[in-house]
Amino acid sequence: MLKKWICAGAILMAVGTGGMTAQAADAGSINQADYKKALETAPMGIVMDGEDAAVTTEKTDSQNRSKAEIVSGNNPSVPNGQVVSMTRHQSEYASIWSKHGSEFELTKPQTTSMWLYFGNQYSASGEGMAFAIHNDARGVNAMPELNKKGSVPGETLGVWPSDTVRTQGEAAGLAKRGIQNSWALEFDTHQNIKSGGRAAGQADSFDLEFENSKVGDHIASNHPGSSASFIQHVDSGVLWTGNTPINVMHYYYHIQHVGMIGDKSNSNYLSNGQWRHLTLKWQPANHEGNSYGQMTYVFDDKDPKTGERLNGREQTVNVNVNTIDPDRNGKARWGLAGTTTTKFASNQLVVFEKAPDLIDGKTTTTLKNLTRKKEVKAGDEVFAKDKLELSYQFNYQDGQQANWANIQSYLKLPTDIDYDKAEVTYSNGQVQNISLDDRQDQSINVFLAEKLNKDVATASIRFTGRAAAVDDRREVASTTSKYTSNVMIGELTTPDFVINPSQELTLTVTSDQHLSLPVNEATTITGQVDLDSAATLAHDEPIWVHVTINGKVQKEPIKVAEDGTFKVTLQANQLQKGDNVIEVVATSGELRSNAEEVTISCSGCLELTAPSDVSFESKQLTGQRQELKRGDGWELSVQDTRGAGSKWRLSVKAATFVNEVGDHLLGKPVYATREGKTPIEKEMTPIVTHETTKKQAKNHNVYGVTDDWDHQTGMFLSIDDGATTGNYQGELTWSLDDVPS
């Protein structure tokens, strides 16, 4: 039977966005030297083994023959580093996906980052990798359909559909052969641009968009499970069976690439033997009716050797959330896939630097001077042999992930501290001892034995010791340490500081170092300055105390008395409302003491003076409505020392008046002003609101509430018709409240 093709070129288009696929088959080593180099230069990343890992390479479907595995890195500057080895041989497919409970939250802003390695095969590299988020029902087993050989076609990169059925005339049918309910960002290291009569069914045409351009390696995105992502090509011809012609239509497709990043001057843009950094930032749809979120991806935004930030190359694309999350559960699985073929293959590896925002975890580093009872901040000074405490704190605040676990810190301790104790303390009271014998020079590795979560929220790695005994002023440089965990990595930075020789002047504050004063009130700080015995014999210069108030150095220092005592008088106009920090330090010639701080809080007070017993006038009841005047004891006053502009409100309520036999008075108190009368009921009723004037604040004047009352204003007792004679008693309750300015 004679078969002959007569080809005609027709192209049908389905609007959309794009992606790629991967393959697995027999062994065939790629480049062992390159693989070795990749592991020796692998950056630091998250911990990917153990029950608290965010990702997994495990599969539950025997058809999914992923070769991805977690291996140890060999970078000497990254102890215990972990790397995902995606492909190491020809004709391989690999994938790694997030576990249940570590999903990508589509309804919240997210940031994730990683390092990618594409080998050094240059023009022979392939096929590439793809980052994807999906809700494919197959979960960790999600992958493109296998070809007739039982492999994942290389151009799919492990996510795009398998274009292996040449009679597939619908883009929707093709899309069903990839990862469903997904969005993918491909890193394609081989152009698949086969066209014409031999293209249909070969799964080698996804990059035809770039057939006539200089684009080689490229980054681009689209939805692998959506028909709109693919453009159809038709190969029509005639098949002769004997003398009978049969018209035949065959089909193949290319991806519509969205948000492309590439380099027309360098076709081997990705496969260059270097680790490449990627950051992805997700911005969810801005309102419920909007089905599109935005994904920003930035490539090459870190230097692989130094880790320093670079500008990188950036694209932002719209992502159809309905396509990824048709059931509206708000989450998606995330991870990477990759492929090689027999002709195009590279070592492909991944180091996850930060999982999507699974945990809200904070770290802080503090250095305290226990001798001086103060925190040592950048540039501060300590004295030789001062007792110091260095703390690295980890705090779990919230998160989708239940545990912040596998926290391994690689600490570089500041020099010139003689450390004598180290331990980890947890918020549940547990203490983990650290052996200082494990130090290598200034480096020590500390693994947190406890997981951090809502029950055990904090851990503090503490080192105590004394500042070195130095003869001259010594600057101690800041140090930067690193840590890794199951979801993120980070840095811990100590402040730089200065060690001064053992002080010959010692300043002590003898008055209270934490004061609360009314606004506009003066106070005095007292203290003592001592010279050590050796310095006293040779020193005859005066000693001066220098004062700094709220960061402003006062012009005139204060001379210390012969017995070493001093007084610092602070006038009211030198202190501000709220907290004031006063620093005192003594000098004499070249000698300088320690600095001490006094905190003065000028918040003032608001106080009501009210009588315990008052009365209304006695008067014969007439059986008709009448009003009784005030009797004795009506003196109410308010003192407000909080400063000018402070406001307050005076309110009052009244209980029912009752006589000696239990009868209730028909009537109630009323408060009268020039504008009218207000009945005083069982609920608080405001009667006076006042703002303290500058004059009142300056003189601490008392505001007499009852001073302005006269025979027509103030408090009266209103008697209703039908009230009966008796000796009635009741209760007035006063309330004085601050009124916000």
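Above: the structure in question.
Residues numbered from 1 in each chain as written. Predicted model: local features only at pLDDT ≥ 70, side-chain atom pairs only at ≥ 80, totals over all residues. Heavy atoms only, no water.

So, on to the overall build of the chain. The number of helices and strands found in the chain is five helices and 51 strands. Expressed along its principal axes, the backbone C-alpha trace of the chain runs to roughly 135 × 90 × 45 Å. Counting only residues that meet the buried cut, the chain has 50% of its 741 residues in that class. Long-range contacts, defined here as pairs at least 24 residues apart, represent 77% of the contacts in the chain between residues at least 6 apart. Element-wise, carbon and sulfur atoms account for 45% of the exposed surface of the chain, whose accessible area totals about 35200 Å². Treating the 70 positive side-chain charges of the chain as one cloud and the 94 negative ones as another, the clouds have centres 6 Å apart. (Helix = DSSP H or I, 4+ residues; strand = E, 2+ residues; numbered from the N terminus. Buried < 20%, exposed > 50% of the residue type's maximum accessible area, 1.4 Å probe, protein only. Contact = heavy atoms within 4.5 Å. Areas by Shrake-Rupley, 256 points an atom, 1.4 Å probe, with all protein chains shown as cover. Lys, Arg positive; Asp, Glu negative; His and termini not counted. Charge placed at Lys NZ, Arg CZ, Asp CG, Glu CD.)

With respect to the secondary-structure elements, Asn486 resides in the loop between strand 29 (480-484) and strand 30 (489-493). At 2.9 Å, the side chain of Asn486 and the backbone oxygen of Asp52 are in polar contact. At a separation of 3.1 Å, a polar atom in the side chain of Asn486 contacts the main-chain carbonyl oxygen of Asn403. (Polar contact = N/O pair within 3.5 Å; in protein donor to acceptor, adjacent residues only side chain to side chain.)

This part is about the nonpolar core. Ranked by size, the top nonpolar core spans 80 residues in total, and within it Trp183, Phe352 and Phe463 carry the most contacts. In this view, Phe352 contacts Gly45, Ile46, Met48, Val55, Val84, Ile96, Ser113, Met114, Trp334 and Leu336; residues no more than four positions away in its chain are not counted. In this structure, Phe616, Trp648, Leu650 and Ile680 belong to the second largest nonpolar core, which totals 25 residues. (Core = buried A, V, L, I, M, F, W, Y, C linked by side-chain atoms within 4.5 Å.)

Across the junction of Gly126 and Glu127, the peptide omega takes the value -15°, indicating a cis bond. Its place among the elements puts Glu127 in the loop between strand 7 (110-117) and strand 8 (128-134). Even without being a glycine, Asp300 presents a positive backbone phi close to 60°. A relative accessible area of 22% means that Asp300 is categorised as partly exposed. Of note, Asp416 is a non-glycine position whose phi angle comes to about 65°, a positive value. As for its position among the elements, Asp416 is in the loop between strand 23 (408-412) and strand 24 (417-426).

Attention now moves to the sheet that holds strand 26 (residues 443-447). Whether parallel or antiparallel, the strands of a sheet pair through hydrogen bonds between backbone atoms. The strand order across the open sheet built from four strands is 26-23-29-30, with neighbouring strands paired in antiparallel fashion. In this open sheet, the two strands that pair with only one neighbour each are strand 26 and strand 30. Averaged over all pairs of adjacent strands, the angle between strand axes in this sheet comes to 20°, irrespective of strand direction. Across five bridges, strand 23 lies against strand 26 in antiparallel orientation. When the sheet's bridge partners are listed, Gln408 is paired in strand 26 with Phe447. (Pairing = 2+ DSSP bridges. Axes fitted to C-alpha atoms, helices over the stretch in contact; angles between N-to-C directions.)

Here the focus is the sheet that holds strand 51 (residues 732-739). If you trace the three strands from one edge of the open sheet to the other, you get 48-45-51, paired in antiparallel fashion. The outermost strands of the open sheet, each flanked by one partner alone, are strand 48 (685-691) and strand 51. On average, each strand axis in the sheet is tilted by 20° relative to the strand beside it, whichever way the strands run. Relative to strand 48, strand 45 (residues 647-654) runs antiparallel, the two being bridged by six bridges. From the neighbouring strand, Ser651 faces strand 48, where its bridge partner is Pro686.

Now for helix 1 (residues 32-40). Where helix 1 is concerned, the buried positions are Asp34, Tyr35, Ala38 and Leu39. For helix 1, the buried positions fall inside an angular range of 135° around the axis, keeping them on one side. Packing partners of the buried residues in helix 1 comprise strand 3 (69-72), strand 4 (82-87), strand 7, strand 14 (275-283) and strand 18 (348-354). Where helix 1 begins, the capping side chain belongs to Asn31, and its oxygen is found 3.2 Å from the backbone nitrogen of Ala33. (Arc of directions from axis to C-beta.)

Bringing the packing of aromatic side chains into the picture now. Taken as a whole and assessed by the stated rule, the structure comprises 17 aromatic pairs. Between the aromatic rings of Phe206 and Phe230, the centroid separation amounts to 6.0 Å while the plane-to-plane angle is 35°, which identifies the pairing as tilted. Placement of Phe206 in the loop between strand 9 (182-188) and strand 10 (218-222) and of Phe230 in strand 11 (residues 230-241) is noted, with a sequence separation of 24 residues between them. Of the two residues, Phe206 and Phe230, neither departs from the other in class, the shared state being buried. Three or more aromatic residues joined by ring pairs form one cluster here, namely Phe118, Phe187, Tyr269 and Phe299. Sitting over the ring of Tyr269, Arg276 keeps its end group 5.4 Å from the ring centre. The cationic tip of Arg630 hangs over the ring face of Phe716; the distance from NZ or CZ to the ring centre is 5.3 Å. (Phe/Tyr/Trp six-rings, centres within 6.5 Å; stacked < 30°, edge-to-face > 60°. Lys NZ or Arg CZ within 6 Å of the ring centre and 35° of its normal.)

Next up on the list: the side chain of Gln528. Tracing the backbone through its elements, the reader meets Gln528 in strand 34 (residues 523-531). Engagement of the side chain of Gln528 in a polar contact is seen with the side chain of Asp530, the distance being 3.2 Å. A polar contact is formed between the side chain of Gln528 and the backbone oxygen of Asp563, at a distance of 2.9 Å. With near-sequence residues (within four places) excluded, Gln528 lies in contact with Thr506, Leu507, Thr508, Thr510, Asp563, Gly564, Thr565 and Phe566.

The next point concerns the environment of Val258. Mapped onto the elements, Val258 comes out in strand 13 (residues 258-262). Since its relative accessible area comes to 23%, Val258 is described here as partly exposed.

Right, let's get into the pattern of salt bridges. Using the criterion set out here, one finds 21 salt bridges in the structure. Notably, a salt bridge pairs Glu51 with Lys451, separated by 2.7 Å at the nearest N-O pair. Of the two residues, Glu51 sits in the loop between helix 1 and strand 2 (55-56) while Lys451 sits in the loop between strand 26 and strand 27 (458-467), which places them 400 residues apart along the sequence. When its relative accessible area of 29% is taken as the criterion, Lys451 is described as partly exposed. Asp357 is the salt-bridge partner of Lys354, the closest N and O atoms lying 2.3 Å from each other. (Salt bridge = Lys/Arg side-chain N within 4 Å of Asp/Glu carboxyl O.)

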